[in-house]
Structures are given as C-alpha cells and as structure tokens.
Amino acid sequence: MKAIVATKYGGPEVLQLKEVEKPIPEANEILIKVHATTVTAGDFRMRSFTVPPLFWLPARITLGFTKPKHPIYGMELAGEVEAIGKDVTRFKPGDQVFASTLTENFGAYAEYKCLPEQAMVAIKPANMTHEEAAAVSIGATTALRLLRKGKTLASVRGQKVLIYGASGSVGTYAIQLARYFGAEVTGVCSTANLDIVKSLGADDAIDYTKENFSFRKERYDVIFDTVRKFPKSKYSNVLAPNGTYVTIARLDSKERMDNLIFIKELIEAGEIKVVIDRCYPLEQMVEAHCYVDAGHKRGNVVITLEHNHDR
C-alpha cells in the first residue's frame, strides 16, 4: 500500500511517498480503507519536532530520539471498514467510519490503518463526506475538551467568550460549540478570516492585525487560547474577575468516546459544520505541509486518497 513516511525530523521534504506492507487486523481490530486524512498543527510539530522545552524529553521518549518512532503520521481519518478481526462486534465490513489515531501510533497517512474496535472510532456522520468527517475527530473534540476543562459548559450561557485563533481548526469548532451552549462569542483572527468567523456564529470578530484586543475595555468571562501563543498574563486586562482562561498548551491527551459521539450528534443535527480550507491528494503531502507550515490555514487542510487498485 502507499503511505507517507517520515524518515527523519525536519521540514516537509522529509515526508516521502513509499510502498509499505498493508496491515492485517488482529482479533480485536478493524482494517480501515482510508479515504481522507488531514494535516494538523500536531502533525507539523511532530514532523519538525517543534515542542516547548518543558515537553522536550517526554516528546522524545514518545516520538523517538534520533528519528520518528512512528514514521507514518496522520492523527485523524475517515474511511470504510474493509475487514474485521474475529472478536470484533461493534463494526462490520462496509461501515463508513471516522476516527482519531492520536493514541494509536498515528498512521493515517496511508491507504489502510488498523485500529482496535474500542479506539476513538465511530460510524461517520450520515450528512458528511469522507473529506469532511476526516477533519472532525481532533479539532472538534479538542474544542469541546477545552470547554469542559474550563468547567464552563453548565455556566457558559449568557457569558462573554473570547476565542483567540478563531479561524483555525480548533477555533472554528470552538465558535460553534460556544454558540450552541448559549455564549456571546468574540473571535480573534486576521483580516482575511473575519467573514468566516462571523459566518460560524461569532457575535464579534477582532482583526488582530489592526487592534490589540488586550487593550479593550470589554471583559470576557471565558478566554480560549487555541494556538498556545500567549500566556494568561497577556489576557489579564480583558479577563473578568473570576473569569476562566484555558489554553490548548496545557490540554492533556486523554480522549473520550462520548465526546466524539456528542460531536457526531451535533453534526447530524446541523449544529456544527466543518471548515475545509484546501484538499490535496496523498501524493502532494509535502505541498500540504508547506501550506500548513506557513501558519495561515483556515479551518482544516484535508488529504484525499484514491484506491484505484487492490493491494
């Protein structure tokens, strides 16, 4: 099968299209024919090994010291179940699924991926394409976990919520989730993304290239930093007394299936949509990473895979 393999850490050029062995599902696994995956900020950080000093050693232990321990990246996917192990009961061949591979050694940059049936994998939302569904499991659940980490879900109704990085993958979902829970939402983004942020439900959009929002007289009950660029001290001027500050920089990696199912239900109810910036074929993975590296993507960058022959 075709796969994108990272031979070492570095720029996008370290990603190479190669033929590798097609996986065989074990007794408790499903074999997924991957139709779409994504390029996330996490993929960029893994590939370039751009991590904060505090996380350098744990990251090296997890990802590999001198070269990638898991050379096929890709944290989320959508596709079709092609085969199942003898003990699998949740899925059957032909099921259309979407999944996170964050805790399963990644591996979505390939034509096939095996996952345990109890992994973060579920039936794809009925009203989504594979390209759309591939961009859900990391960004949407991360936004939801940020809300829950801030313990704001029960009390967010009527509160003022500011989202920094509102036009990225996590940001676009955070806007919609905050609005769903009844918040008054302000998004911070660049000039080019003001319209899309407002179209997702933000009541106000701040252009950070023209205004320093930290000088505003407005006070926000909840502030989300979705791009881990600024510490709490930078937000102190606009955070309301007893306000909540949450940042993706301190988000743990514990995923929950109920979060994924909740997001799926919101999607099928028409409450959440996916923002796709660009789609690239698997063969243009280097170009896709170059685009994401530039730091200006809107929503999600999707990779599509065509299965023109059996392997």
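Preceding this paragraph is the structure being described.
Analysis parameters
- Residues numbered from 1 in each chain as written.
- Predicted model: local features only at pLDDT ≥ 70, side-chain atom pairs only at ≥ 80, totals over all residues.
- Heavy atoms only, no water.
- Helix = DSSP H or I, 4+ residues; strand = E, 2+ residues; numbered from the N terminus.
- Buried < 20%, exposed > 50% of the residue type's maximum accessible area, 1.4 Å probe, protein only.
- Contact = heavy atoms within 4.5 Å.
- Polar contact = N/O pair within 3.5 Å; in protein donor to acceptor, adjacent residues only side chain to side chain.
- Salt bridge = Lys/Arg side-chain N within 4 Å of Asp/Glu carboxyl O.
- Pairing = 2+ DSSP bridges.
- Axes fitted to C-alpha atoms, helices over the stretch in contact; angles between N-to-C directions.

Chemist: Tell me about the environment of glutamate 255, and please be specific about residues and values.
Modeler: Among the structural elements, glutamate 255 can be located in the loop between strand S12 (239–247) and helix H8 (257–268). The sequence separation of glutamate 255 and serine 100 amounts to 155 residues, and the corresponding C-alpha distance is 9.0 Å.

Chemist: Please give an account of the environment of asparagine 193 that cites residues and values.
Modeler: Along the chain, asparagine 193 falls in the loop between strand S9 (184–189) and helix H6 (194–199). In this structure asparagine 193 comes out as buried when scored by relative accessible area, which is 6%. Residues asparagine 193 and lysine 297, 104 residues apart in the sequence, show an inter-C-alpha distance of 9.7 Å. With residues up to four places along the chain from it excluded, the contact list for asparagine 193 reads Ser167 and Arg298. Among the polar contacts made by the side chain of asparagine 193, one reaches the side chain of serine 167 at a distance of 3.1 Å.

Chemist: Before we move on, can you summarise unusual backbone geometry with the specific residues and values?
Modeler: Backbone geometry follows two general trends: most residues other than glycine have a negative phi, and most peptide bonds adopt the trans configuration. Of note, the phi angle at phenylalanine 106 is positive, near 60°, even though the residue is not glycine. Backbone geometry places asparagine 242, a non-glycine residue, at a positive phi of 65°. Residue position: asparagine 242 is located in strand S12. When its relative accessible area of 81% is taken as the criterion, asparagine 242 is described as exposed.

Chemist: Please give an account of the pattern of salt bridges that cites residues and values.
Modeler: A complete count under the given rule lists twelve salt bridges for this structure. Glutamate 283 is the salt-bridge partner of lysine 2, the closest N and O atoms lying 3.4 Å from each other. Taken as a pair, lysine 2 in strand S1 (residues 2–6) and glutamate 283 in the loop between strand S13 (276–281) and helix H9 (285–293) lie far apart in primary sequence, 281 residues in all. Judged by relative accessible area, lysine 2 falls into the partly exposed class, the value being 24%. For glutamate 283, a relative accessible area of 46% puts it in the partly exposed group. Across the salt bridge formed by arginine 47 and aspartate 293, the nearest N and O atoms sit 2.7 Å from each other. Highlighted residues: arginine 47 in helix H1 (residues 41–48) and aspartate 293 in helix H9, separated in sequence by 246 residues. Salt bridges linked by common partners bring Lys22, Lys33 and Glu82 together as one network.

Chemist: Run through the side chain of serine 100, naming residues and quoting values.
Modeler: Secondary-structure assignment places serine 100 in strand S5 (residues 96–100). A residue is classified by how much of its surface remains accessible, and serine 100, at 1% relative accessible area, is buried. Within the local environment of serine 100, its side chain forms a polar contact with the backbone nitrogen of leucine 102, the two atoms lying 3.2 Å apart. In this structure, serine 100 is in contact with Met75, Glu76, Met120, Ser137, Ile138 and Glu255, ignoring residues within four places of it in sequence.

Chemist: Describe in detail the sheet that holds S9, supporting the description with residues and values.
Modeler: The strand order S10-S9-S8-S11-S12 describes an open sheet built from five strands, whose pairing is parallel. Across the chains shown, the open sheet's two edge strands, defined by having one partner strand only, are strand S10 (204–207) and S12. Here the average twist between neighbouring strands, direction ignored, is 20°. Strand direction decides the pairing type here: strand S8 (residues 160–164) and S9, joined by five bridges, are parallel. Bridge pairing in S9 places leucine 162 opposite threonine 186. Its contacts with the sheet put helix H5 (residues 169–180) on S8 and S9, and the angle it makes with S8 is roughly 170°.

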